[in-house]
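# Survey of secondary and tertiary structure
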Amino acid sequence: MSFKRKQKKAKAKPKKDTPTTGKSTTESTAGIPKKSVTTTTPDKNSKGSASSGVGLKRKAIEGTGKSSEGARKKRTPPPIATPIVPREPSVVGLTVGYRGVLPAMRGSGRGPFIDDLIKRLTGVEDRRGRGFAGEHYLKDRDAVEWLMRAVCVYAENADLMRTGGLKIDTVVPRLIKAATSPARKKFDDSRDSFELQVIRVGGWAEVRFRGRLAAPSPESVAKLREIYFTDPIPSSTTTTTTTSTTTTVATVSHIGSFHRDVLAARLRIDLSTLVADHVARYKDVEPRSMVNIKGVADLIQTWMASDFGGVFLANPDSPYHTGVRYSERLVSSESRDVSTKGLTDWLRNRSDIVGTRKGEHGAYKLAGYKPSRKADLQAREEILADLLQPGKFRDDVTRAVQTTGCHSPGKGQVSITPFIPKRGKSSYLWRQSRTLIHEFLHLLTHEEFRAVAHGTDHGQVMIEGITEVLTAEVFRRFADHVSKDPTARRIVLGDEPYSAPPSRLFEIGYEDAGEQADVIRKEVGLDNIEAAYFLGMTTFIGVTREGKRGETR
């Protein structure tokens, strides 16, 4: 749906030095309703999260709908503080009038205008507006107007936001950064909501989302820590009573002494089987163009922003706000590092998968392996190094690495396999789309979430398991979208006739890590999972940087 601008029926008599309030618009992808609507209901995909949409009610100011400076000068009605129609909690109660923006833009008071608003917001004299306007106005006047209007949104709602818990001193640096971002939205953008972007990049949407969450109970935290740590804080107690004494015994999850030979033998068997199965899937393949794969990546990124309704857009530092294009981060998996270090990294990841299998099949439990013990970690590294001696197994691991998709946080790159099996193409194309979703979620992961995960004994549960929980949810909705959209079907399946994805693709993968992550989801809810994953609010899934006993890990 495109923007619909209300035509002015009669020219309003302008008042001196009064700014416009912008154009009345209707917008679908960011959730803006028609201007005549004063109440709305969330769209069907919204869970009440901080990206489900916003409506802005403005007076129509231009009879022609043009945005030229001349048209603005001729038609300038009195300023009105216009309520933002609440389609999401982050905009409830906000008003914005933009009084004085256009006169300042036409004159020479742009910097002082911004500084006055910053003072109104922070209560402190400021000259950052003068510095920004002086540096950017001649080369990018839109950046200056963007910042002027963005600061208006926060200055005109400062009391509400301060009371709501927003750290005011963080707002201005974020808005200054966003003003020059290639992802910056125009005030009268015909597709996206300027105001919604502003409350996201400035931090208000994040604060509002946090305010709607419920922290897990102490009992839940104790239960969850048994997932994150091998020897957690005692999670429960049992009390036994005799005629003379009462004894309280802590119930904890312990692990026995470490048996290196058991771990070596079990990993050799399990990893050899895993690698052989992986290589076998790529024996009879044909190439798939990276151009086509990047087309799927673009579809996923656009669709997730407009239809998924996730909380990732409430992260002020989200790649969506910095202009990152997912498809430009994709590289062929054939270019992956296959040095000893690269192969060891891959094998280490896979050893966590096979090692944490349940029951008698889990090498780690059988061997008494505890990842938080340095001696155990060193022993595993030596075992992997021994497996990677020159020979067939190393050759197979090399092939497996070159046909495995992955996200490299340091480089910000995502490797994807540019091959399609000659048999079962449709199923594989769906699988590749799911892989692209999984790796894109890694790209959206908050750094605090990643740091906390690395401080646990079983980081795979958070890094891969929770990613899989979210991947299954996103893929389910994505598959439904593709089934109904012919253009999306062509992008995902090419010339292959449509067939639904295999049922296994809707399941949570990564074996025990995925199963444990789903236990976390059931305990705290999907909103808390998203808050931790996309916003770094890991307290809502029962874990912090302080670790299991309050020490810094």
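The paragraphs below set out a description of the structure included in this document. The model shown is predicted, which means the values in this text are computed figures rather than measured ones.

How each quantity is defined
Every chain's residues receive numbers from 1 upward, in the order its sequence appears when written. The model is predicted, so local features are restricted to residues of pLDDT at least 70 and side-chain atom pairs to those at 80 or more, both for listing and for counting; the totals for chains, interfaces and linings are taken over all residues. Side-chain measures here rest on the full set of heavy atoms in the structure, leaving out hydrogens and waters. The way it works is that DSSP assigns letters per residue, a run of H or I at least four long becomes a helix, a run of E at least two long becomes a strand, and they are numbered from the N terminus. Categorising residues by exposure relies on relative accessible area from a 1.4 Å probe, with only protein chains included: less than 20% of the type maximum marks a residue as buried, more than 50% marks it as exposed, and the intermediate range marks it as partly exposed. Residues count as neighbours in contact if any of their non-hydrogen atoms are within 4.5 Å of one another. Accessible surface area values rest on a Shrake-Rupley calculation with a 1.4 Å probe, where residue burial reflects the displayed protein chains alone. DSSP bridges decide pairing: two strands pair if at least two such bridges lie between them. Axes here refer to lines fitted to C-alpha atoms; in helices the fit is confined to the stretch in contact. Angles between the N-to-C directions go from 0 to 180 degrees. When describing relative orientation, an angle under 35 degrees is termed roughly parallel and one over 145 degrees roughly antiparallel, while 65 to 115 degrees is termed roughly perpendicular and anything else oblique. Ten residues, namely Ala, Val, Leu, Ile, Met, Phe, Trp, Tyr, Cys and Pro, are considered nonpolar, four, namely Asp, Glu, Lys and Arg, are considered charged, and the remaining ones, Gly among them, are considered polar. Throughout this description, the term nonpolar core refers to a set of buried Ala, Val, Leu, Ile, Met, Phe, Trp, Tyr and Cys residues connected via side-chain atoms within 4.5 Å. Basic side-chain nitrogens of Lys or Arg form a salt bridge, by our definition, when they fall within 4 Å of a carboxyl oxygen of Asp or Glu. A clockwise turn of the near helix away from the far one marks a right-handed crossing, whereas an anticlockwise turn of less than a right angle marks a left-handed crossing. Within 6.5 Å between ring centres, the rings of Phe, Tyr and Trp (the latter by its six-membered ring) count as paired, and their orientation is classed by plane angle as stacked under 30 degrees, edge-to-face over 60, tilted in between. Lysine NZ or arginine CZ positioned within 6 Å of the ring centre and within 35 degrees of the ring normal marks a charge as sitting over the ring. Residues adjacent in sequence count toward polar contacts only when both atoms are side-chain atoms; beyond that, a polar contact is any pair of N or O atoms within 3.5 Å, and within protein one must be able to donate a hydrogen and the other to accept it. By arc we mean the arc of the directions from the helix axis to the C-beta atoms, nothing more.

## Digging into the overall build of the protein chain
- What the protein chain contains, in helices and strands, is 23 helices and 10 strands.
- Here the protein chain holds 553 residues, and the buried ones make up 52% of them.
- Contacts in the protein chain between residues far apart in sequence, at least 24 positions, make up 76% of those at least 6 positions apart.
- Working note: accessible area of the protein chain is about 25200 Å², and carbon and sulfur atoms make up 50% of it.

## Here's the deal with the sheet that holds strand S7 (residues 330-332)
- Taken together, the 3 strands give an open sheet; going across it, the order is S7-S9-S8, and neighbouring strands pair in mixed fashion. The outermost strands of the open sheet, each flanked by one partner alone, are S7 and strand S8 (406-408). Here the strands of the sheet are splayed against their neighbours by 30° on average, with no regard to which way each runs.
- Taken together, the 3 bridges between S7 and strand S9 (residues 413-416) define a ladder with parallel strand orientation.

## Here's the deal with the packing of helix H11 (residues 260-280) against helix H14 (residues 340-355)
- Running from amino to carboxyl end, H11 crosses H14 at an angle of 110°, the nearest separation of the two axes being 10 Å. As the angle between them shows, H11 and H14 are arranged roughly perpendicular. Every residue of H14 that contacts H11 at Leu267, Asp270, Leu271, Leu274 and Val275 is listed here: Trp346, Leu347, Arg350, Ser351 and Val354.
- Residues of the contact of H11 with H14, tallied by class, amount to 7 nonpolar, 1 polar and 2 charged.

## Considering the nonpolar core
- Counting 70 residues, the largest nonpolar core has Met304, Met462, Ile466, Ile520, Phe534 and Ile541 as its most contacted members.
- Looking at which element gives the most residues to this core, the answer is helix H20 (residues 459-484), with 11 residues.
- Discounting chain neighbours no more than four positions away, the residues touching Ile466 are Phe449, Val461, Ala517, Ile520, Ile529, Tyr533 and Ile541.
- Core analysis: the second largest hydrophobic core is formed by 42 residues, Phe113, Tyr137, Met161 and Phe194 among them.

## Quick look at the pattern of salt bridges
- On inspection of all chains with the given rule, the structure shows 31 salt bridges.
- One salt bridge connects Glu145 with Arg149, and the closest N-O pair in it is separated by 3.0 Å. Residue Glu145 and its partner Arg149 are both found in helix H5 (residues 141-155); the two are separated by 4 residues, about one turn of the helix.
- A residue is classified by how much of its surface remains accessible, and Glu145, at 10% relative accessible area, is buried.
- Beyond isolated ion pairs, a larger network of salt bridges with shared partners links Lys341, Asp345, Arg348, Asp352, Arg380 and Glu381.

## Description of helix H10 (residues 218-228)
- Burial in H10 covers these residues: Ser220, Val221, Ala222, Leu224, Arg225, Ile227 and Tyr228.
- Contacts made by the buried residues of H10 are with H20 and helix H22 (511-524).

## A few points about the packing of H11 against helix H16 (residues 374-387)
- Between H11 and H16, the shortest axis-to-axis distance is 10 Å and the interhelical angle comes to 45°. Regarding the angle of H11 to H16, the classification is oblique. The way H11 lies across H16 gives a crossing that is right-handed. Residue-level inspection shows Arg260, Leu263, Ala264, Leu267, Arg268 and Leu271 of H11 in contact with H16, the latter providing Ala379, Arg380, Glu382, Ile383, Leu384, Asp386 and Leu387.

## Quick look at the packing of aromatic side chains
- This structure, assessed with the given rule, holds 18 aromatic pairs.
- Centre to centre, the rings of Trp146 and Phe194 are 5.8 Å apart; their planes meet at 75°, and the pair counts as edge-to-face. Placement of Trp146 in helix H5 and of Phe194 in helix H8 (residues 194-201) is noted, with a sequence separation of 48 residues between them.
- Classification of Trp146 as buried rests on a relative accessible area of 3%.
- The buried category is assigned to Phe194, whose relative accessible area is 1%.
- Grouped by ring-pair contacts, the aromatic residues Phe312, Tyr320, Tyr326, Phe440, Phe449, Tyr533 and Phe534 constitute a single cluster.
- The ring of Phe187 carries Arg149 above its face, with NZ or CZ at 3.8 Å from the centroid.
- Its end group placed over the ring of Phe419, Arg399 keeps NZ or CZ at 5.4 Å from the ring centre.

## So, the environment of Tyr228
- Of note, Tyr228 is situated in helix H10.
- Through-space distance from the C-alpha of Tyr228 to that of Met462 is 8.4 Å; in sequence the pair is 234 residues apart.
- Ignoring anything within four residues of it in the chain, the contact list for Tyr228 reads Thr456, Asp457, His458, Met462, Ile520, Ile541, Gly542 and Val543.
- In terms of polar contacts, Tyr228 uses its side chain to reach the backbone carbonyl oxygen of Ile541, at 2.6 Å.

## Some points on unusual backbone geometry
- Of note, Tyr98 is a non-glycine position whose phi angle comes to about 60°, a positive value.
- Secondary-structure assignment places Tyr98 in the loop between strand S3 (95-96) and helix H2 (101-106).
- Backbone geometry places Tyr510, a non-glycine residue, at a positive phi of 65°.

## A few points about the environment of Leu94
- With respect to the element layout, Leu94 can be found in the loop between strand S2 (82-85) and S3.
- C-alpha separation for the pair Leu94 and Ala158, spaced 64 residues apart in sequence, amounts to 9.7 Å.

## Examining helix H4 (residues 128-136)
- The complete set of buried residues in H4 reads Gly129, Phe132, Ala133 and His136. The arc enclosing the buried residues of H4, seen along the axis, measures out at 95°, which places them on a common side.
- In this fold, the buried residues of H4 make contact with helix H3 (110-122), H5 and helix H7 (171-179).

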